[in-house]
Amino acid sequence: MAQLERITGPLIPAQGVDSVIARMRAVAAHLPPQDGVAVFNRIYLSVTEAVVHAIDQGCRGGFPDRAAAVALDVRFAERYLTAVDAAACGVRPPACWRPVLQFRSHPGVRPLQFALAGINAHIGHDLALAVVDTCRTLDCEPDCLEDEFDRVGDVLVSLEEHIREELMPGPDLLQVADPLTHLLGSWSLERARDGAWAAARALWALRELPPLQAEFAQRLDASVGLVGRMLLTPLPAFPG
């Protein structure tokens, strides 16, 4: 963990998408390519760059409210980057990120599993809290961010197949005999995104009841972490 110490920058909110991208590139520069965090980071960096490109296109890219889109994108990324920095500094990270951080060097876990477990943590937990963070930043209701939320989700879904194609070692892995094929079928980015939106609305509705809001967030974190642990189940090598 020492090699990750503070490489993403200080534990303060990123000031914009350029800062977010710079911090993710710093993670990539300091980790071996096979590291589980590095695997997810590569995918997330490409997704963030795609979202930023769409935001820069404004209405043509599906983001008519650039300020809201940037705020959501930055708050979203901060959740992941803060988890990485926390683990590097010896601080206990959120439960949703612990499986990726704990199994990052396990030889029986395939790159695609790390990518999916990272996406599960980031969509299932971080996205919901990022919506609430953004609502507080912009002093608005979640419904005001629904278009931006949906558009970010559309970019993620459109890249899901690309992620699978890039990290699948070969066509043989598509055979039903490979355990990875069955594991992939047990998780859906689309369902995770729907769950994140429902969780964000629930967290916002509980904002006047801080103890209940905190309990809801804690249980969400734990449940997403459980799914991540399952996604990282070490698998036997498939003969190719």
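Heads up: the structure comes first, above all this text.
Residues numbered from 1 in each chain as written. Predicted model: local features only at pLDDT ≥ 70, side-chain atom pairs only at ≥ 80, totals over all residues. Heavy atoms only, no water.

Details of the overall build of the protein chain
Item 1. When you go through the protein chain residue by residue, the secondary structure sums to nine helices and zero strands.
Item 2. Secondary structure of the protein chain in N-to-C order comes out as α-α-α-α-α-α-α-α-α.
Item 3. Each of the 240 residues in the protein chain was classed as buried or not, and the buried ones make up 53%.
Item 4. For the protein chain, long-range pairs separated by at least 24 residues make up 76% of all intrachain contacts whose partners lie at least 6 apart in sequence. (Helix = DSSP H or I, 4+ residues; strand = E, 2+ residues; numbered from the N terminus. Buried < 20%, exposed > 50% of the residue type's maximum accessible area, 1.4 Å probe, protein only. Contact = heavy atoms within 4.5 Å.)

Considering the packing of helix α8 (residues 189-205) against helix α9 (residues 210-231)
Item 1. For the pair α8 and α9, the least separation of the axes is 9 Å and the interaxial angle reads 160 degrees. Relative to α9, the element α8 is oriented roughly antiparallel. The way α8 lies across α9 gives a crossing that is left-handed. Contacts from Ala199, Ala202 and Leu203 of α8 reach α9 at Gln213, Phe216, Ala217 and Leu220.
Item 2. Of the residues belonging to the contact of α8 with α9, the class tally is six nonpolar, one polar and no charged. (Axes fitted to C-alpha atoms, helices over the stretch in contact; angles between N-to-C directions. Parallel < 35°, antiparallel > 145°, perpendicular 65-115°, else oblique. Left-handed = near helix turned anticlockwise from the far one by under 90°. Nonpolar A, V, L, I, M, F, W, Y, C, P; charged D, E, K, R; others polar.)

Observations concerning the packing of aromatic side chains
Item 1. In total, this model carries seven aromatic pairs according to the counting rule given.
Item 2. Consider the rings of Tyr80 and Trp97, whose centres lie 5.3 Å apart with planes at 45 degrees: the pair is tilted. With Tyr80 in helix α3 (residues 66-88) and Trp97 in the loop between α3 and α4 (98-103), the pair connects residues that are 17 residues apart, well separated along the chain.
Item 3. On the basis of relative accessible area, Trp97 is assigned to the buried category, the value being 2%.
Item 4. Ring centres of Phe149 and Trp197 lie 4.8 Å apart, and the angle between their planes is 50 degrees; this geometry places the pair in the tilted category. Of the two residues, Phe149 is situated in helix α6 (residues 146-167) and Trp197 in helix α8; the sequence distance between them amounts to 48 residues.
Item 5. Given the relative accessible area of 2%, Phe149 is considered buried.
Item 6. In this structure Trp197 comes out as buried when scored by relative accessible area, which is 13%.
Item 7. Among the aromatic residues, those joined into a cluster by ring pairs are Phe40, Tyr44, Phe76, Tyr80 and Trp97. (Phe/Tyr/Trp six-rings, centres within 6.5 Å; stacked < 30°, edge-to-face > 60°.)

Topic: a negative patch on the surface
Item 1. Where like charges cluster on the molecular surface, the negative patch consists of Glu146, Asp147, Asp150 and Asp194.
Item 2. Ranked by the residues each element gives to the negative patch, the list is headed by α6, at three residues.
Item 3. Looking at the element boundaries, Glu146 is found in helix α6.
Item 4. In this structure Glu146 comes out as partly exposed when scored by relative accessible area, which is 31%. (Patch = residues over 30% accessible without salt bridge, like charges linked within 9 Å, V, L, I, M, F, W, Y side chains within 5 Å. Areas by Shrake-Rupley, 256 points an atom, 1.4 Å probe, with all protein chains shown as cover. Salt bridge = Lys/Arg side-chain N within 4 Å of Asp/Glu carboxyl O. Lys, Arg positive; Asp, Glu negative; His and termini not counted. Charge placed at Lys NZ, Arg CZ, Asp CG, Glu CD.)

Looking at unusual backbone geometry
Item 1. Its identity is not glycine, yet Asp139 carries a phi of approximately 55 degrees, on the positive side.
Item 2. Within the secondary structure, Asp139 is located in the loop between α5 (111-138) and α6.

So, the environment of Asn120
Item 1. Summarising the element assignment, Asn120 is placed in helix α5.
Item 2. Distance from Asn120 to Leu189, taken between C-alpha atoms, is 7.6 Å for residues 69 residues apart in sequence.
Item 3. Ignoring any residue separated from it by four or fewer positions in sequence, one finds Asn120 in contact with His125, Trp187, Val224, Val227, Gly228 and Leu231.

Details of the nonpolar core
Item 1. One finds Val37, Tyr80, Trp97, Ile119 and Val131 to be the most contacted residues of the largest nonpolar core, which totals 77 residues.
Item 2. Examining the composition of this core, we find that 15 residues originate from one element, α5, more than from any other.
Item 3. In contact with Trp97, other than residues within four places in its own chain, are Phe40, Arg79, Tyr80, Ala83, Gly118, Ala121, His122 and Asp126. (Core = buried A, V, L, I, M, F, W, Y, C linked by side-chain atoms within 4.5 Å.)

A closer look at the pattern of salt bridges
Item 1. In total, this model carries eleven salt bridges according to the counting rule given.
Item 2. A salt bridge links Arg193 to Asp154, with the nearest nitrogen and oxygen atoms 3.1 Å apart. A residue pair is termed long-range when its members are at least 10 positions apart, and Arg193 in helix α8 and Asp154 in helix α6 qualify at 39 residues.
Item 3. Arg193 gets classed as buried once you look at its relative accessible area, which sits at 10%.
Item 4. Overlapping salt bridges bring together Asp154, Glu190 and Arg193 as one network.

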